[in-house]
Amino acid sequence: MNDQGTYMFAGTRGHWLEDSPETRGKIRTTAKTWHAFSQSNPVPGMEEAVRSYWAPDKRVSVFVLGDEFTGDSIQAALDSIGRLNKPDANGRRPVRIHAIGFPEGPGMPPFTNIRFSKLMRLVTEENNGTFVGLRQ
């Protein structure tokens, strides 16, 4: 999903995609030409995922793939996610958040890429996840 609510596959909002070879192939094919508008801020998507997909009887993980964070404040983002994904008495959060950070593309300012990496390192650390930063 992007910040404007555009989904890669119409009618999928709030639903799990079937995990099948066909679905994975369709995702790979569609991703090559998908040009959705984005504000380059993964926070609203993480918030929606925590609100919408956690379940007390399931282990849920969210995977964030990105390269930029243009939000106003890293601390405000951490606080917002922390309020939604509160740890239980054992310190376990309902949703684990993982992330993969891509290197900035040609002509892209490195500042927003560095901010994405910093944000996601902190988010994954606080939410029992793993951050992988890719290099060019």
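Everything numeric here is computed off the predicted structure, so don't read it as measured data. (Residues numbered from 1 in each chain as written. Predicted model: local features only at pLDDT ≥ 70, side-chain atom pairs only at ≥ 80, totals over all residues. Heavy atoms only, no water.)

S.K.: Quick rundown of the environment of Gln136? Include the residues and the values.
M.R.: With respect to the helices, strands and loops of the structure, Gln136 is situated in the segment after strand S3 (131-133). A relative accessible area of 75% places Gln136 in the exposed class. A sequence separation of 110 residues divides Gln136 from Lys26, and the C-alpha atoms of the two residues are 27 Å apart. Contact partners of Gln136, with chain neighbours within four places excluded, come to Pro103 and Glu104. (Helix = DSSP H or I, 4+ residues; strand = E, 2+ residues; numbered from the N terminus. Buried < 20%, exposed > 50% of the residue type's maximum accessible area, 1.4 Å probe, protein only. Contact = heavy atoms within 4.5 Å.)

S.K.: How would you summarise the side chain of His98 if you had to cite specific residues and measurements?
M.R.: With respect to the helices, strands and loops of the structure, His98 is situated in strand S2 (residues 95-101). Given a relative accessible area of 10%, His98 falls into the buried group. At a separation of 3.1 Å, a polar atom in the side chain of His98 contacts the main-chain amide nitrogen of Thr130. For His98, the contacting residues outside a window of four places in its chain are Ser61, Val62, Phe63, Val64, Thr124, Asn128, Gly129 and Thr130. (Polar contact = N/O pair within 3.5 Å; in protein donor to acceptor, adjacent residues only side chain to side chain.)

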